[in-house]
Amino acid sequence: MKPTVLLTGATGYIASHTWLALQGAGFDVVGVDDFSNSSPEVLNRLRELSDREPVFERANVCDEAAMEGLFRRHPIAAVVHFAAFKAVGESTTRPLAYYANNIGGLLGVCGAMQRHGVKRFVFSSSATVYGQPERLPLREDAPLSATNPYGQTKLMGEQILRDLGAADSVATEGGARGAAWQTACLRYFNPVGAHASGRIGEDPRGVPNNLMPYVAQVAVGRLARLSVYGRDYPTPDGTGVRDYIHVVDLAEGHAAALRRLFEQAGSVTVNLGTGRSYSVLDVVAAYAKASGREIAYEVKPRRPGDIAACWADPTLARELLGWSSKLDLARMCEDSWRWQSMNPKGFDA
Ligand SMILES: NC(=O)c1ccc[n+]([C@@H]2O[C@H](COP(=O)([O-])OP(=O)(O)OC[C@H]3O[C@@H](n4cnc5c(N)ncnc54)[C@H](O)[C@@H]3O)[C@@H](O)[C@H]2O)c1
């Protein structure tokens, strides 16, 4: 029998790609989302791509009764928890909303798991937990810090999961005895790109916060030009450097993490990145090539809080999960462009 996995934030950008990867890896998926940052149209696209009826419930993961109902109705064996707010800038102006949703959601889901004796949990963490990197590439044992409320919610999330694991080694907190919590904290670098079909992809509401969706909207003519913040960083071309990872590679990383939790005891914390780094202008050039469009940009002063460079050491993920990224920057841009040009206004056009 296939194990059933609960996917929270299921119609979001990364989760929708992970839904397909998990089905491909032999899991049954139950999705939950409140559509606070995604569209129900995603479910139609998933139906089409997987040739299966998506099993889905609309609910807020902070709603304890709703979570309880999900665990009663479905034979859930593990959870992959994506549901969260993710805009760093917005988190500084709406900290209470971020703590309530990101921490409240984690507690809501883990509480239901504890009551039902389900203890395999994959958590969407982020490279933001490394704060201002002291040394590159970033290894998982690098110092952790947060410079904004969003980052704090990821740091706290990881801590809550460590505490759950530690509690199991002494006594269980009200839940089924026996099984120990097994968690995978996956620290994503910069997810970009889209499914090769062009049917699902990133559909930000309002003006995009991240580089590639912004570049995509310039290419398709929705935005006039890109602002490049800072050309005086200590990087090869002076613009910020990041580790971009194809969302399909990232999705496969979740399948690998779940397999590990089903096959071996213990918990893992790993980077999901490529180990390669590209500047803003590298991305602009690669996107122009993929789209055949010119990407207009203007250089502006650095933004406070931005770091010069950040990329992963992906060795541990390879060792512990047998996973490494496969798709290069050209492919990230080609797939992003296919999605953007086939859906110029996103899912709800
Ligand atoms: N995209 C990135 O650059 C990035 C990087 C590192 C980590 N992450 C993390 O990965 C996860 C997914 O990110 P994404 O880029 O796919 O974002 P997304 O906004 O596309 O997906 C999140 C989904 O969760 C849903 N959601 C939010 N709060 C909810 C709640 N209380 N109940 C039910 N559903 C809720 C939203 O409607 C959305 O569909 C998030 O936890 C995010 O913090 C993202």
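Description of the structure in this document. What you are looking at is a predicted structure, and each value in this text was computed from that prediction instead of being measured. (Residues numbered from 1 in each chain as written. Predicted model: local features only at pLDDT ≥ 70, side-chain atom pairs only at ≥ 80, totals over all residues.)

## Some words on the overall build of the protein chain
The secondary structure content of the protein chain amounts to eleven helices and 14 strands. The C-alpha radius of gyration of the protein chain comes to 20 Å, within 12% of the 20 Å expected for a compact globule of 349 residues. The dimensions of the protein chain, computed from C-alpha atoms along their principal axes, are 60 × 45 × 40 Å. Here the protein chain, with 349 residues, has 48% of them falling under the buried criterion. Considering only contacts within the protein chain whose residues lie at least 6 apart along the sequence, 80% involve residues at least 24 apart. (Helix = DSSP H or I, 4+ residues; strand = E, 2+ residues; numbered from the N terminus. Rg over C-alpha atoms; globule rule 2.2 N^0.38 Å. Buried ≥ 20, exposed ≤ 12 C-beta atoms within 10 Å, placed from the backbone. Contact = placed C-beta atoms within 7 Å.)

## Here's the deal with the sheet that holds strand β5 (residues 120–126)
Strands sit in the order β3-β2-β1-β4-β5-β6-β11 across an open sheet of seven strands; the sheet is parallel. Each end of this open sheet is capped by a strand with a single partner; those strands are β3 (55–58) and β11 (268–272). Each strand axis lies, on average, 20° off the axis of its neighbour in the sheet, ignoring direction. Taken together, the three bridges between strand β4 (residues 76–81) and β5 define a ladder with parallel strand orientation. Each bridged residue has a counterpart across the sheet, and for His-81 the counterpart in β5 is Phe-123. Relative to the sheet, helix α8 (residues 247–263) contacts β1 (4–8), β4, β5, β6 (182–188) and β11, its axis offset from that of β6 by approximately 160°. (Pairing = 2+ DSSP bridges. Axes fitted to C-alpha atoms, helices over the stretch in contact; angles between N-to-C directions.)

## Here's the deal with the site of the ligand
Contacts to the ligand come from 27 residues, most closely from Gly-9, Gly-12, Ser-38, Ala-84 and Ser-126. Of all the secondary-structure elements, those providing two or more residues to the shell around the ligand are α1 (13–24), α5 (95–116), β5 and β7 (190–192). The element contributing the most residues to the shell around the ligand is α1, with three residues. Each residue belonging to the shell around the ligand can be placed in one class, and the counts come to eleven nonpolar, 13 polar and three charged. (Near = placed C-beta within 6 Å. Nonpolar A, V, L, I, M, F, W, Y, C, P; charged D, E, K, R; others polar.)

## Examining α1
In this model, α1 (twelve residues) spans 18 Å end to end at C-alpha, consistent with the 16 Å of a helix rising 1.5 Å per residue. Summarising burial for α1: eleven of the twelve residues are buried, a large majority. Those residues of α1 that sit buried are Tyr-13, Ile-14, Ala-15, Ser-16, His-17, Thr-18, Trp-19, Leu-20, Ala-21, Leu-22 and Gln-23. Next to the buried residues of α1 lie β1, β2 (28–33), α2 (41–50), β4, β7 and α8. (Expected span 1.5 Å × (residues − 1).)

## Focus: the nonpolar core
The tendency in soluble globular proteins is for nonpolar side chains to be buried side by side. With 98 residues, the main nonpolar core has Val-5, Leu-7, Val-79, Leu-186, Val-215, Leu-258 and Val-283 as its most contacted residues. It is α8 that provides the largest number of residues to this core, a total of nine residues. Setting aside anything within four residues of it in sequence, one finds Val-79 in contact with Leu-6, Thr-8, Val-109, Met-113, Val-118 and Phe-121. (Core = buried A, V, L, I, M, F, W, Y, C linked by C-beta atoms within 7 Å.)

## Quick look at the pairing of β6
Within β6, seven of the seven residues are buried, leaving the element largely enclosed by the surrounding structure. Of the two faces of β6, the one lined by Gln-182, Ala-184, Leu-186 and Tyr-188 and the one lined by Thr-183, Cys-185 and Arg-187 are each fully buried. Examined bridge by bridge, β5 and β6 share seven bridges and lie parallel to one another. In the sheet register, Ser-125 faces β6, and the bridge partner there is Arg-187. Sheet analysis places β6 next to β11, joined by five bridges and oriented parallel. If you follow Arg-187 over to β11, its bridge partner there is Asn-271.

## Brief notes about helix α7 (residues 211–219)
Most of α7 sits inside the fold, with eight of its nine residues counted as buried. For α7, the full list of buried residues reads Leu-211, Met-212, Pro-213, Tyr-214, Val-215, Ala-216, Val-218 and Ala-219. Against the buried residues of α7 lie β7, β8 (226–229), α9 (280–291) and α11 (329–342). Where α7 ends, the next residue or the one after it, Gly-221, has phi of about 95°, a positive value.

## Concerning the packing of α1 against α2
Two elements in contact, α1 and α2, have axes separated by 11 Å at closest approach and are oriented at 25°. Taken together, α1 and α2 sit at an angle that is classed as roughly parallel. Our pair here, α1 against α2, has a crossing hand that is right-handed. Between α1 and α2, the residues in contact are Ser-16, Trp-19, Leu-20 and Gln-23 and Val-42, Leu-46, Leu-49 and Ser-50, respectively. (Parallel < 35°, antiparallel > 145°, perpendicular 65-115°, else oblique. Left-handed = near helix turned anticlockwise from the far one by under 90°.)

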